[in-house]
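Chains, contacts and geometry: an overview
What follows is each chain in one-letter form.
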Amino acid sequence: MSDDDQRDQIPAEPAAQAPAAPAGPEPEPIRFFGTTWVNHDGGYALRRAAMAAGSLVTAVAAAVLLRLSYEGLEIGNVGPFLSISVVVLFAIASSIAFVKTWDSFSRRPAPSSDEAALKGLKTIGFIGSLIAYFLRCFFEAPGEKLRRAEYERATAEFARRRSTRTGNPAARRPKRKK
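Scope of this entry: the structure provided in the associated data block. Note that the structure is a prediction, hence the values are computed from the model and not measured.

Looking at the overall build of the protein chain
- When helices and strands are counted, the protein chain shows 6 helices and 0 strands.
- Helices and strands appear in the protein chain in the N-to-C order α-α-α-α-α-α.
- For the protein chain, long-range pairs separated by at least 24 residues make up 71% of all intrachain contacts whose partners lie at least 6 apart in sequence.
- Carbon and sulfur atoms make up 61% of the accessible area of the protein chain, which totals about 13500 Å².

With respect to helix α2 (residues 44-75)
- Compared with the 46 Å implied by 1.5 Å per residue over 32 residues, the 46 Å span of α2 between its first and last C-alpha is a close match.
- Within the sequence span of α2, burial applies to Tyr-44, Arg-48, Met-51, Ala-52, Ser-55, Ala-59 and Ala-62.
- Taken from the residues just after α2, Asn-77 is the one with a positive phi, measuring 50 degrees.

Some words on helix α6 (residues 144-162)
- Counted at 1.5 Å a residue, the expected span for α6 with its 19 residues is 27 Å, and the 26 Å between its end C-alpha atoms agrees.
- Where the residues of α6 are buried, they touch α2 and α3 (80-104).

Some thoughts on the packing of aromatic side chains
- Counted under the stated rule, the structure contains 6 aromatic pairs.
- With a centroid separation of 6.0 Å and 50 degrees between ring planes, the pair formed by Phe-33 and Tyr-44 is classed as tilted. Here Phe-33, found in the loop between α1 (3-9) and α2, pairs with Tyr-44, found in helix α2; they are 11 residues apart in sequence, far enough to count as distant.
- Tyr-44 sits in the buried class, given a relative accessible area of 4%.
- Ring centres 6.1 Å apart and planes at 65 degrees place the aromatic pair Phe-105 and Tyr-133 in the edge-to-face group.

With respect to the layout of surface pockets
- Approximately 810 Å³ is the volume attributed to the largest pocket.
- In terms of lining residues, the largest pocket is bounded by 28 residues, among which Arg-31, Thr-101, Ser-104, Phe-105 and Lys-122 are the most central.
- Listed by contribution, the elements that provide at least two residues to the lining of the largest pocket are α2, α3, α4 (119-124), α5 (126-139) and α6.
- Considering every element that reaches the lining of the largest pocket, the biggest residue donor is α3, with 4 residues.
- For the lining of the largest pocket, a count of residues per class yields 11 nonpolar, 8 polar and 9 charged.
- In this structure, the second largest pocket spans a volume of roughly 180 Å³.
- Every residue lining the second largest pocket is listed: Leu-66, Arg-67, Ser-69, Tyr-70, Leu-73, Val-86, Val-87, Phe-90, Ala-91, Ser-94 and Ile-127.
- Secondary structure elements with two or more residues in the lining of the second largest pocket: α2 and α3.

A short note on the packing of α3 against α5
- Look at α3 against α5: their axes get within 7 Å of each other, and the N-to-C directions meet at 35 degrees. The two elements α3 and α5 meet at a crossing, and its hand is right-handed. Mapping the contact onto sequence places Ser-94, Ala-97, Phe-98, Thr-101 and Trp-102 in α3 and Ile-127, Gly-128, Ser-129, Ile-131, Ala-132, Leu-135, Arg-136 and Phe-139 in α5.
- Here the residues of the contact of α3 with α5 are counted per class, giving 8 nonpolar, 4 polar and 1 charged.

The rules behind these values
Numbers given for residues are sequential positions, taken from 1 along each chain in its written order. Thresholds applied to this predicted model are a pLDDT of at least 70 for local features of residues and 80 or more for the giving and counting of side-chain atom pairs; totals over whole chains, interfaces and linings are not thresholded and use all residues. Values shown for side chains rest on all heavy atoms present in the structure; no hydrogens or waters enter the calculation. Helix and strand definitions follow DSSP, with helices as H or I runs of at least four residues and strands as E runs of at least two, each counted in order from the N terminus. Whether two residues are in contact is decided by their heavy atoms: any pair within 4.5 Å suffices. Here the Shrake-Rupley method, with its probe set to 1.4 Å, supplies the accessible areas, and only the displayed protein chains count as covering residues. Helix span is expected to be 1.5 Å times the residue number reduced by one. Type-normalised accessible area, obtained with a 1.4 Å probe on protein chains alone, sets the label of each residue: buried when under 20%, exposed when over 50%, and partly exposed for intermediate values. Classification of ring pairs rests on two measures: the distance between centres of Phe, Tyr or Trp rings, Trp counted by its six-membered ring, which must be within 6.5 Å, and the angle between planes, read as stacked under 30 degrees, edge-to-face over 60 and tilted in between. Cavities and pockets are defined on a 1 Å grid built over the protein atoms alone: a cavity is a set of grid points where a 1.4 Å probe fits but cannot escape, while a pocket is an open set with protein on both sides within 12 Å along at least five of seven lines, and lining residues are those with an atom within 4 Å of any such point. Grid points are joined across faces, edges and corners, and a volume is the space filled by probe spheres set on the points. Amino acids are sorted into nonpolar (Ala, Val, Leu, Ile, Met, Phe, Trp, Tyr, Cys and Pro), charged (Asp, Glu, Lys and Arg) and polar (every other residue, Gly among them). Interaxial angles span 0 to 180 degrees and are taken between N-to-C directions of axes, which are lines fitted to C-alpha atoms, for helices over the stretch in contact. We call a crossing left-handed when the near helix sits turned anticlockwise from the far one by less than a right angle, and right-handed when that turn is clockwise.

Note that every value here comes from positions in space, so none of it alone points to a role or purpose.
This is the structure:
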């Protein structure tokens, strides 16, 4: 048989159907958690424990690295002013990064906010961000409360829009004036 004859004998595959429209709003996925936060399924608790442990281990490793760099400054004999300045800089940057990261779990930044300007400061104070992530994993997936509130609001609005009205409003009688 030739190739053309074989192709004629193979039954055609049914056409793939277009995906149906979603039956409501879709939950927004959270990094490392996907949409398991909605029903707390799919290894949600294990993911939270792993993310907490991972962020703590990373924070400890970063602190050890900063300690080694501080010892390098001491060996270089740069003087007490620079040594103290470096410690204070990292402490302030870490505390600001902690606060900004913690706040970002409960509210979205305004479009005209200064979050972009603080990106460098949050990068320097990454230990604070890691500690905020670690602590938040004890309560929920970071950002879950915010996304859950938005998802429930969208679901309620969708249900309100989809609810059926009773009767034809054009056929209703006008209300009687008193």
